[in-house]
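Structure assessment
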Amino acid sequence: MAMAIYLTGDVHGMPDDRFEAWNFPEGEELTRDDHLIILGDFSMPYDMLEDDSDLRELNAKPWTTLFIDGNHEQHDHLASLPESEWHGGIVHRYPEYRNIIHLMRGEVYEIDGHSFFCMGGAQSMDKAIQQEWGTWYPEEMPDESEYANAEQNLARYDWDVDFVLTHTCADRMLEAAIGGNGLANAEIVTDELTDFLDDLEDGLQYEHWFFGHFHNDCELDDKHTVLYQSIVDLADLV
C-alpha cells in the first residue's frame with residue numbers, strides 16, 4: 001500500500017491549530033509510514049523559548065514529520081543533532097523525538113518510490129531585527145560544501161529527480177512568489193542561493209518544485225507551488 005505524503009509551509013515553531021483534527025482530519029488516518037513535510041522555518045524548539053513542548057506535541061502525532069530548514073531556525077541546535085542515513089540521504093534526528101526528521105541540504109531521498117532533492121536555507125529579510133534579538137545565524141545560507149554536496153548528489157541521479165523541496169526559490173520565480181502575496185511592488189532581492197536554484201531550473205529535470213518562505217499559498221504554474229498554511233496531498237498535485 002502506498003504511503004501518504006503531505007506538504008505544508010512555514011510553522012515558525014508555532015503550528016497552532018494547523019495539525020489539529022478539525023483542520024487536518026486526514027492526519028487522523030495516517031501512520032508512522034506516512035509523512036508530512038514542512039518546507040522550512042520549522043523553528044522547533046522555538047527561537048524565543050527554551051521549552052520543547054512544541055517538539056513533544058508534534059512528535060506525538062500519528063505520522064512522521066519531515067522538514068527542511070529555512071532562515072528562521074536555531075541552526076546551532078540543528079548542527080548539534082546526530083546524523084544518520086535515511087532513505088538514501090543523510091538526516092538529522094532528534095534523540096528524544098524520533099518521529100521528527102531534518103532533511104539536510106543537498107541530499108536526495110527516496111520516499112515511496114519518488115526522489116526528493118532538498119535544499120534548505122534562505123536569506124532573512126528581517127536580518128537586522130534577528131541580529132538584535134540574537135536569533136540570526138549566518139548558517140541560514142548554505143556554504144560551499146553544501147552547494148558541492150547538492151551538485152554531487154544530483155550528478156548521482158543524472159540531474160533528474162521527481163520533486164524539488166526548497167525554502168526559497170529561483171531568481172525567475174521570485175516576482176511571482178512575492179506578487180502572489182500582495183507584495184507586487186516589493187523589491188526583488190536575489191542572492192547566491194536563489195542564483196544557484198535558478199541554475200537548477202535550467203540544468204535539472206524534475207516533475208514539480210515546492211517551496212515556502214513567502215507566506216503564500218498558490219500554484220504559480222504547472223510545476224511550481226508555494227505553500228504556507230495550507231496542507232496539500234502530494235497525490236493531488238502531480
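Only a predicted model underlies this, so the values are computations on that prediction, with no experimental measurement involved.

Examining the overall build of the protein
The helix and strand inventory of the protein stands at seven helices and 13 strands. Against the globule reference of 18 Å for 238 residues, the protein gives a C-alpha radius of gyration of 17 Å, in line with a compact fold. Projected onto the principal axes, the alpha-carbon positions of the protein cover approximately 45 × 40 × 35 Å. In the protein, buried positions account for 53% of the 238 residues. If you sum the accessible surface of the protein, you get close to 10900 Å²; carbon and sulfur atoms cover 46% of it. Treating the 11 positive side-chain charges of the protein as one cloud and the 53 negative ones as another, the clouds have centres 5 Å apart.

Observations regarding unusual backbone geometry
Of note in the backbone geometry, D41 takes a positive phi value of approximately 50 degrees without being a glycine. We note that D158 has phi near 55 degrees; this positive angle belongs to a residue other than glycine. The residue D158 is located in the loop between α4 (144-156) and β9 (163-166) in this model. Residue D158 is classed as exposed on the basis of its relative accessible area, which comes to 66%.

A closer look at the packing of α4 against helix α6 (residues 192-203)
Two packed helices can be described by the angle between their axes and the distance between those axes. For the pair α4 and α6, interaxial distance at closest approach is 12 Å and the crossing angle is 10 degrees. In terms of their interaxial angle, α4 and α6 are classed as roughly parallel. Contacts between α4 and α6 involve Y147, A150, E151 and L154 from the former and E192, L193, F196 and L200 from the latter. Taken together, the residues that form the contact of α4 with α6 break down as six nonpolar, no polar and two charged.

Considerations on the packing of aromatic side chains
Applying the stated criterion across every chain yields a total of 11 aromatic pairs. An angle of 35 degrees between the planes, with centres 5.1 Å apart, marks the rings of F116 and F163 as tilted. In this pair, F116 is assigned in strand β8 (residues 114-119) and F163 in strand β9, connecting sequence segments 47 residues apart. We note that F116, like F163, is buried. Residues F163 and F210 carry aromatic rings whose centres are separated by 6.3 Å and whose planes lie at 45 degrees to one another, so their mutual orientation is tilted. Linking F163 in strand β9 with F210 in strand β10 (residues 208-211), this pair joins segments that are 47 residues apart in sequence. Like F210, F163 is buried. Feature note: the residues Y6, F19, F24 and W63 constitute an aromatic cluster, connected by ring pairs. Positioned above the aromatic ring of Y228 is the side chain of R18, whose terminal nitrogen or guanidinium carbon lies 5.9 Å from the ring centre. Over the aromatic face of Y206 sits the side chain of K223, whose NZ or CZ is 4.2 Å from the ring centroid.

Side note on the environment of D33
Along the chain, the position of D33 falls in the loop between β1 (5-8) and β2 (35-39). Judged by its relative accessible area of 55%, D33 falls in the exposed class.

Describing the nonpolar core
A general tendency of soluble globular proteins is for nonpolar side chains to be buried together. Counting residues in hydrophobic clusters, the biggest one holds 25 residues, and the most contacted among them are F117, M119, V161, L197, L200 and F214. Elements that contribute at least two residues to this core include exactly β8, α4, α5 (174-179), α6 and β10. When residues of this core are assigned to their parent elements, the largest contribution, four residues, is made by α6. Membership of the second largest hydrophobic core comes to 21 residues, among which are L39, I101, F116 and V232.

Parameters at a glance
Residues numbered from 1 in each chain as written. Predicted model: local features only at pLDDT ≥ 70, side-chain atom pairs only at ≥ 80, totals over all residues. Heavy atoms only, no water. Helix = DSSP H or I, 4+ residues; strand = E, 2+ residues; numbered from the N terminus. Rg over C-alpha atoms; globule rule 2.2 N^0.38 Å. Buried < 20%, exposed > 50% of the residue type's maximum accessible area, 1.4 Å probe, protein only. Areas by Shrake-Rupley, 256 points an atom, 1.4 Å probe, with all protein chains shown as cover. Lys, Arg positive; Asp, Glu negative; His and termini not counted. Charge placed at Lys NZ, Arg CZ, Asp CG, Glu CD. Axes fitted to C-alpha atoms, helices over the stretch in contact; angles between N-to-C directions. Parallel < 35°, antiparallel > 145°, perpendicular 65-115°, else oblique. Contact = heavy atoms within 4.5 Å. Nonpolar A, V, L, I, M, F, W, Y, C, P; charged D, E, K, R; others polar. Phe/Tyr/Trp six-rings, centres within 6.5 Å; stacked < 30°, edge-to-face > 60°. Lys NZ or Arg CZ within 6 Å of the ring centre and 35° of its normal. Core = buried A, V, L, I, M, F, W, Y, C linked by side-chain atoms within 4.5 Å.

Purely spatial values, then, with no claim about function.
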